[in-house]
Amino acid sequence: MVKNFAFHIRPAQVGDICVLLESVDDAEATHLYHYQQTLQARFGGKAVVPVHLTCHRLEIQGDAQLATLHEALGQVLSTVSPFALTALSLQTLYVPVLGTCMLKWRVDVTDELRHFSYLVRDAVSRVGATSLYAPDAVSSLVTALQGVGDLSSEALEIPNMFPHHLFTAAKVELSRIEGPNDFASLATLEF
């Protein structure tokens, strides 16, 4: 299991705002769910739906700052096109705020993902919110299952599974952590 918080300023806490990248394609969602069921049959746990990449996590100061962030992200999305996320491998990660171990896909950090992450980080900075990611951090983990055991790297090696297209990022959701396995959707924006 990977336990590395150098990527983050601090572990996730109740009240944090997450910027999630998601698909808008129903066929992709169905394909992802079948992929999760295959992994679940092998490793146990529970599928996380919808599948998403948490591309940023931050603290805000009230509803006015949240509205300003929503507007800034809308401006960001007007400058980018949807882009593919491709899984390269699997790994586990313990998430303290959720109190569970997650099975995650490690995705390829493409130029498009790197650029999008920069634009989001810039928007967060412009609205005066507090970024909880280290400078220049680019998130590359997408949760497949929650509640799995601490799996060895050998157990996670599945022949002929990677690389594997996960989904095309075409929507951003702002979500607030309310508690373990409790999230509030605050806003959604499509590219």
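Reading the values: the criteria
Residues numbered from 1 in each chain as written. Predicted model: local features only at pLDDT ≥ 70, side-chain atom pairs only at ≥ 80, totals over all residues. Heavy atoms only, no water. Pairing = 2+ DSSP bridges. Helix = DSSP H or I, 4+ residues; strand = E, 2+ residues; numbered from the N terminus. Salt bridge = Lys/Arg side-chain N within 4 Å of Asp/Glu carboxyl O. Buried < 20%, exposed > 50% of the residue type's maximum accessible area, 1.4 Å probe, protein only. Expected span 1.5 Å × (residues − 1). Arc of directions from axis to C-beta. Core = buried A, V, L, I, M, F, W, Y, C linked by side-chain atoms within 4.5 Å. Contact = heavy atoms within 4.5 Å.

**Student:** How should I be thinking about the pairing of strand β10 (residues 182–190) in this particular structure?
**Tutor:** For a regular strand, the rule is simple: side chains alternate between the two faces of the sheet. One ladder, built from eight bridges, connects strand β9 (residues 171–179) with β10; its direction is antiparallel. For I177, the partnering residue across the bridge sits in β10 and is F183. What sits between the antiparallel neighbours β9 and β10 is a turn of two residues, in which N181 has the positive phi angle 60°.

**Student:** Explain the pattern of salt bridges here, please?
**Tutor:** When the charged atoms of two side chains with opposite charge come close together, those side chains can pair. Under the criterion given, the structure shown has eight salt bridges. In this structure, D16 engages R57 in a salt bridge whose closest nitrogen and oxygen atoms are separated by 2.9 Å. Of the two residues, D16 is situated in the segment before β1 (17–22) and R57 in strand β3 (residues 53–59); the sequence distance between them amounts to 41 residues. Take D16 and R57: they sit in the same class, and that class is buried. Where D111 meets R114, a salt bridge forms, and the shortest distance between an N and an O atom there is 3.5 Å. Pair noted here: D111 and R114 are both in helix α3 (residues 111–126), with a separation of three residues, about one helical turn. Residue D111 is classed as exposed on the basis of its relative accessible area of 60%. Given a relative accessible area of 41%, R114 falls into the partly exposed group. Where salt bridges share partners, they join R10, D16, R57 and E59 into one cluster.

**Student:** What's the story with helix α2 (residues 63–77) in this structure? I'm lost.
**Tutor:** Residues that lie three or four places apart on an α-helix share one face, since the helix turns once every 3.6 residues. Helix length check: α2, at 15 residues, gives a terminal C-alpha distance of 21 Å against a target of 21 Å (1.5 Å per residue), a fit within 8%. The complete set of buried residues in α2 reads Q65, L66, L69, A72, L73, V76 and L77. The arc enclosing the buried residues of α2, seen along the axis, measures out at 140°, which places them on a common side. What points out from α2, more than 90 degrees from its buried face, is the exposed set D63, A64 and E71.

**Student:** Explain the nonpolar core to me, please; I cannot follow it from the model alone.
**Tutor:** A general tendency of soluble globular proteins is for nonpolar side chains to be buried together. Core analysis: the biggest nonpolar cluster contains 52 residues, and L21, L39, L103, W105, F116 and L166 have the highest contact counts within it. Not counting the four nearest positions on each side in its chain, L39 is found in contact with G44, L90, L103, W105, A144, L145, I158 and M161. Membership of the second largest hydrophobic core comes to nine residues, among which are C18, L20, V95 and L98.

So far we have only geometry, and geometry alone does not tell us how the molecule works.
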